[in-house]
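The primary structure of each chain is shown beneath.
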Amino acid sequence: MSPRTHEADLFESFRGRLEAIAYRLLGSAGDAEDAVQDAFLRWHAADRERIETPEAWLTKVLTNLCLNQLSSARARRETYVGQWLPEPVLAGDRMLGPADTAEQRESVSMAVLTLMERLSPNERVVYVLREAFGYTHREIAEILDLTESNCQQIYRRAKQHVTTDRPRTEVDAAAAKKIVQEFLDAALSGDTEPLIRLLTDDAVSVADGGGRIPARKGPIIGALGIARFLRGLFQPTDAKRVFVGVPAIHAVVVNGGPAVLVEAGGQVFGVFCLDATPDGVAALHLQVNPDKLERVTRQWAATGPHIPLVEKW
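Residues numbered from 1 in each chain as written. Predicted model: local features only at pLDDT ≥ 70, side-chain atom pairs only at ≥ 80, totals over all residues. Heavy atoms only, no water.

An unreviewed UniProt entry annotates the protein as RNA polymerase sigma-70 factor of Nonomuraea insulae. Recorded in UniProt under Sequence similarities (unreviewed entry), the annotation for the protein is "Belongs to the sigma-70 factor family. ECF subfamily." In its Subunit (unreviewed entry) section, the UniProt entry covering the protein states "Interacts transiently with the RNA polymerase catalytic core formed by RpoA, RpoB, RpoC and RpoZ (2 alpha, 1 beta, 1 beta' and 1 omega subunit) to form the RNA polymerase holoenzyme that can initiate transcription." (UniProt positions renumbered as here; feature names shortened; annotations may be inferred.)

Have a look at this one:
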């Protein structure tokens, strides 16, 4: 084996972990892949004899690349059409990274990824590396060129912004199917009352069309308003059938939580993530921006065939 081949194989052994870090930092699987590829190019060009610990070196390089992207992303968010939501990732995708602890699973949930948009770039890095990957404050301080005490302060501040009051409901495929089935039964009933009973009083619904697909420009707050919106959204019309065709509606696990997936002809048109809590569904994150559904569509096609909950709409 040539030295170059060995170095490439060594990088590949770290790729999954690097992608999982980048996805949590950027909220975009596509951007995460690009950042990891940039890290590979820097690894390829580096003097390996001066690198004592490859994983630590790569993590620092990747983190700095993501910090640059996060800084420019703030400016892009200001001109983004409508509400910005993270890119959904189906269960089984290595982009999700480790899921052994409650903290790791929580850090990749759609709710927490959305809340992390409130954080400064440094806060997001410290939170992700500490909460999801178990880095010590000393290790994080070395990556960010900060003091250990400064990292501890940043972590406490970040956790205050991200922590939610309600515990999320842990789900597997069977639990997700049950939650989604109950949600669909209510949404397709044509009545708001079943939906209101499923939602918490202060539930929030956010939709991301990215200017490509019509979507509400602002969040909907409150069970009644969301129920009315969903009743209209799931009401079939000729115009919707012309746009989507005859869709199949599936129950899936996305970012560790239950979700509704709408597809037709192998194309995923929407992923609706349900933030399920013991008190009810506390939030809905509706991703309909085609640019953020490309990875889900590829993975969905590769893992089929799938049996829908609803075939005719």
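Bringing helix α9 (residues 173–187) into the picture now. With 15 residues, α9 extends 20 Å from end C-alpha to end C-alpha; this agrees with the ideal 21 Å at 1.5 Å per step. Every buried residue of α9 is listed here: A176, V180, F183, L184, A186 and A187. Buried residues of α9 fall within an arc of 160° about the axis and therefore sit on the same side. Looking at α9, the residues exposed on the side facing more than 90 degrees away from the buried face are A174 and K178. The inward-facing, buried residues of α9 abut α10 (193–198), α11 (223–233), β3 (248–254), β4 (257–264), β5 (267–277) and β6 (280–287). Where α9 begins, the side chain of D172 points an oxygen toward the backbone nitrogen of A174, at a separation of 3.2 Å. (Helix = DSSP H or I, 4+ residues; strand = E, 2+ residues; numbered from the N terminus. Expected span 1.5 Å × (residues − 1). Buried < 20%, exposed > 50% of the residue type's maximum accessible area, 1.4 Å probe, protein only. Arc of directions from axis to C-beta. Contact = heavy atoms within 4.5 Å. Polar contact = N/O pair within 3.5 Å; in protein donor to acceptor, adjacent residues only side chain to side chain.)

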